Amino acid sequence: MKLKSAIIAAAVASVFSVSAQAAPIFSDNFDSYTADQLNWIPPALSGWTVSNGTVDLIGIGGGFDLLPGNGSYVDLDGSTSSSGLFSNSVNLVGGTTYTLSFDLAGNNRNSVTETVNVNFGSTAASYSPLGNDPFVNHTLNFTPGISGSYSLSYQNVGGDNLGALLDNVSVSAVPEPQTYAMLLAGLGLMGFMARRRKQQQAA
Ligand SMILES: [Ca+2]
Ligand SMILES: [Ca+2]
Ligand SMILES: [Ca+2]
């Protein structure tokens, strides 16, 4: 009986951990690109575009590894005194809620607080990392009304070549409440059947 309880508890735990980590439909930690590219032009396959200014790809192996241990990452204010709009797009299903997750750090070069405007579909938010802030994870949710391609973008405000740092961008679907309900119902049924089997054995 103890073993069964343990198995059910493990099943519950695994169901919840799996749900919490729904596989991302998009993710980029920027580590696959050659580091240290000022005024970075992302490869077409990456889907990233930079418009109305520039961003830098910095990090490991380069002269600007401001936060070592994070591989490559993006300085959202490039080297042309004009911070670019850094954007990508993802295909989303209407009526499903998605979470955009990303790590943002201060410019880590002076004490100036940066402001970064982030858009995910029609959801917008601003972040203001302090000069020496390390990478901090943020999330933003968006539920498209209809299926289609939606953009996610980052715009550092100002252009002094020292921008907020961006890493680990991902988009995942948020499991729907019905999914949880069905999983819980399934687990309840498993417990019921286990009890029944035990009673039948005892009889
Ligand atoms: Ca990285
Ligand atoms: Ca820069
Ligand atoms: Ca700045």
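One can find the structure itself at the top, above this paragraph.
Quick caveat, the model's predicted, so the values are computed rather than measured.

What about the overall build of the chain?
- Secondary structure assignment for the chain yields two helices and eleven strands.
- For the chain, the α and β elements follow one another from N to C terminus as α-β-β-β-β-β-β-β-β-β-β-β-α.
- Put simply, the chain has 203 residues, and 38% of those count as buried.
- Of the contacts formed within the chain by residues at least 6 apart in sequence, a portion of 72% connects residues at least 24 apart.
- Accessible area for the chain stands at about 10,600 Å²; split by element, carbon and sulfur atoms hold 59% of it.

Looking at the coordination of the calcium ion (ligand 2)
- Protein coordination at the calcium ion (ligand 2) comes from Asp56 (OD), Asp75 (OD), Asp77 (O), Gly78 (O) and Asn161 (O), with a distance range of 2.3 to 2.6 Å.
- In the primary sequence, the donor residues of the calcium ion (ligand 2) line up as D-x18-D-x1-D-G-x82-N.
- Relative accessible area serves as the criterion here: at 1%, Asp75 is assigned to the buried category.

Here we look at unusual backbone geometry
- For Ser81, which is not a glycine, the phi torsion comes out positive at approximately 60 degrees.
- Note that Ser81 resides in the loop between strand E4 (72–75) and strand E5 (85–92).
- If you check the backbone angles, Asn168 has positive phi at about 50 degrees while not being a glycine.
- Looking at the secondary structure, you find Asn168 in strand E11 (residues 165–173).

Quick word on the nonpolar core
- If you look at the biggest cluster of nonpolar residues, it comprises 30 residues, and the most contacted ones within it are Phe30, Phe86, Leu100, Phe120, Tyr154, Leu166 and Val169.
- Elements supplying a minimum of two residues to this core: E5, strand E6 (98–105), strand E7 (116–120), strand E8 (123–127), strand E9 (136–142), strand E10 (148–156) and E11.
- Considering every element that reaches this core, the biggest residue donor is E6, with four residues.
- Beyond its immediate chain neighbours, meaning those up to four positions away, Phe120 contacts Val90, Leu92, Tyr98, Thr99, Leu100, Leu140, Asn141, Phe142, Ser151, Leu152 and Val171.
- Counting six residues, the second largest nonpolar core, distinct from the first, contains Leu67, Tyr73, Ala105 and Phe135.

A short note on the coordination of the calcium ion (ligand 3)
- Protein coordination at the calcium ion (ligand 3): the donors are Glu114 (OE), Glu114 (OE), Asp160 (OD), Asp160 (OD) and Leu162 (O), at 2.3 to 3.0 Å from the metal.
- In the primary structure, the donors to the calcium ion (ligand 3) are separated according to the pattern E-x45-D-x1-L. Taken together, the residues span a long stretch of sequence, with Glu114 in the loop between E6 and E7 and Leu162 in the loop between E10 and E11 at a distance of 48 residues. The burial state of Glu114 is the same as that of Leu162; both residues are buried.

What counts and how
- Residues numbered from 1 in each chain as written.
- Chains lettered and ligands numbered in written order.
- Predicted model: local features only at pLDDT ≥ 70, side-chain atom pairs only at ≥ 80, totals over all residues.
- Heavy atoms only, no water.
- Helix = DSSP H or I, 4+ residues; strand = E, 2+ residues; numbered from the N terminus.
- Buried < 20%, exposed > 50% of the residue type's maximum accessible area, 1.4 Å probe, protein only.
- Contact = heavy atoms within 4.5 Å.
- Areas by Shrake-Rupley, 256 points an atom, 1.4 Å probe, with all protein chains shown as cover.
- Donors = N, O, S within 2.8 Å, 3.2 Å for Na, K, Ca; no water.
- Core = buried A, V, L, I, M, F, W, Y, C linked by side-chain atoms within 4.5 Å.

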